[in-house]
Amino acid sequence: LLARPVIAQEAFLMCTQMWCDEGLRVTFELPKWPTGEYKIEMLADDKAVWCTAILPFKDCETVGFVCDSPDVQVATEGCALPKEQHKLGGIWMQIPPAKIMLTLTRPDGKKSSLDTAVESECSWPNGEQCDERECCSAQYTLSVK
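Here is a short report on the structure shown in this document. Owing to the predicted nature of the structure, the values given are computational and were not obtained by experimental measurement.

1. Structural notes on the pattern of salt bridges
- Applying the stated criterion to the full structure yields six salt bridges.
- Here Asp 115 and Lys 99 are joined by a salt bridge, their closest N and O atoms 2.6 Å apart. On the criterion of sequence distance, the pair formed by Asp 115 in strand β8 (residues 111-117) and Lys 99 in strand β7 (residues 99-105) is long-range, its members being 16 residues apart.
- We note a salt bridge from Arg 106 to Asp 108, for which the minimum N-O separation is 3.0 Å.
- Given the relative accessible area of 46%, Asp 108 is considered partly exposed.

As C-alpha cells, then:
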C-alpha cells in the first residue's frame, strides 16, 4: 500500500485595518463665543502645552489656532457660517495621558479648568492576535464659564 501524504492545514487569520477613535478629546461647551483671543494651557502628564486661537476665524483655509506642540490639535467649528457662529470645539491628543490639567482663558480673562486623572477605555479592535497594541480613548467636557 502507498501511504497518502497528510497535508496540515494552517490556521488562516484574517485581520482588518479597522481601528478605534483613538486619543483624548476634551469638548468645550459655551453657548456664545465672544470675539477675541482664547488661550489654552495644558499639563498632560509632565508635558506643558500652550495654544491660542482667535475668533472669528479668518477663513476656512487658514488654521484657526496655534499650539506649541504637534501632539495637540484644537477643533475649530463654523468657519463657513456667519462669524458670530465660529467656535472652538475642544482639543484632541492622539495618545491619552494619565493625567490632564487644562485651563481655557477667554478674551475677557475668565477661566475654566479641568483637572483630572484620565480614565481611558482600551480595546483591541481586531483582536489581540491582529493588533500591535491596544487602542485607547477618553472623552471629557469642559463647560466654559
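Once you've had a look at it, read on.
2. Quick notes on the sheet that holds strand β4 (residues 65-67)
- Spatial strand order, β4-β3-β2-β7-β8: five strands in an open sheet with antiparallel pairing. One side of each edge strand has no neighbouring strand; the edge strands of this open sheet are β4 and β8. Neighbouring strand axes in the sheet, compared pairwise and without regard to direction, differ in orientation by 10° on average.
- Pairing of strand β3 (residues 47-55) with β4 involves three bridges; the strand directions are antiparallel. Residue pairing in the sheet places Cys 51 in a bridge with Cys 67 of β4.

3. Here we look at the pairing of β3
- Note: strand β2 (residues 36-44) against β3, nine bridges, orientation antiparallel. When the bridges of β3 are listed, Ile 40 appears paired with Cys 51.
- Linking β2 back to β3 in an antiparallel pair, the connection comprises two residues, with Asp 45 at a positive phi of about 55°.

4. Section: unusual backbone geometry
- Each neighbour pair has its own omega, and for Leu 55 with Pro 56 the value is 0°, a cis peptide bond.
- Mapped onto the fold, Pro 56 is located in the loop between β3 and β4.

5. Some details on the environment of Val 144
- Mapped onto the secondary structure, Val 144 falls in the segment after β10 (135-143).
- Remark: the alpha-carbon pair of Val 144 and Ala 80, spanning 64 residues in sequence, is separated by 23 Å.
- Excluding its chain neighbours within four sequence positions, the residues that come into contact with Val 144 are Phe 28, Glu 29, Leu 30, Trp 33, Leu 104, Arg 106 and Ser 112.

6. So, the side chain of Ser 112
- You can see Ser 112 is positioned in strand β8.
- Only 2.8 Å separates the side chain of Ser 112 from the backbone nitrogen of Lys 145, close enough to count as a polar contact.
- When sequence neighbours within four positions are dropped, the list of residues in contact with Ser 112 reads Leu 102, Thr 103, Leu 104, Leu 142, Ser 143, Val 144 and Lys 145.

7. As for the state of the cysteines
- If you walk through the whole model with that rule in mind, you get three disulfides.
- Residue Cys 51 pairs covalently with Cys 67 via a disulfide, S to S 2.1 Å. With the S-S bond torsion at 110°, the cross-link from Cys 51 to Cys 67 turns out right-handed. Of this pair, Cys 51 sits in strand β3 while Cys 67 sits in strand β4, placing them 16 residues apart in sequence. Across the pair, exposure class does not vary: Cys 51 and Cys 67 are buried alike.
- For Cys 60, the disulfide goes to Cys 79, at an S-S distance of 2.0 Å. Residues Cys 60 and Cys 79 are joined through a disulfide that is right-handed, its torsion about the S-S bond being 110°. Highlighted residues: Cys 60 in the loop between β3 and β4 and Cys 79 in the loop between β5 (72-77) and β6 (87-93), separated in sequence by 19 residues.

Cut-offs used in this document
Residues numbered from 1 in each chain as written. Predicted model: local features only at pLDDT ≥ 70, side-chain atom pairs only at ≥ 80, totals over all residues. Heavy atoms only, no water. Salt bridge = Lys/Arg side-chain N within 4 Å of Asp/Glu carboxyl O. Helix = DSSP H or I, 4+ residues; strand = E, 2+ residues; numbered from the N terminus. Buried < 20%, exposed > 50% of the residue type's maximum accessible area, 1.4 Å probe, protein only. Pairing = 2+ DSSP bridges. Axes fitted to C-alpha atoms, helices over the stretch in contact; angles between N-to-C directions. Contact = heavy atoms within 4.5 Å. Polar contact = N/O pair within 3.5 Å; in protein donor to acceptor, adjacent residues only side chain to side chain. Disulfide = S-S within 2.5 Å.

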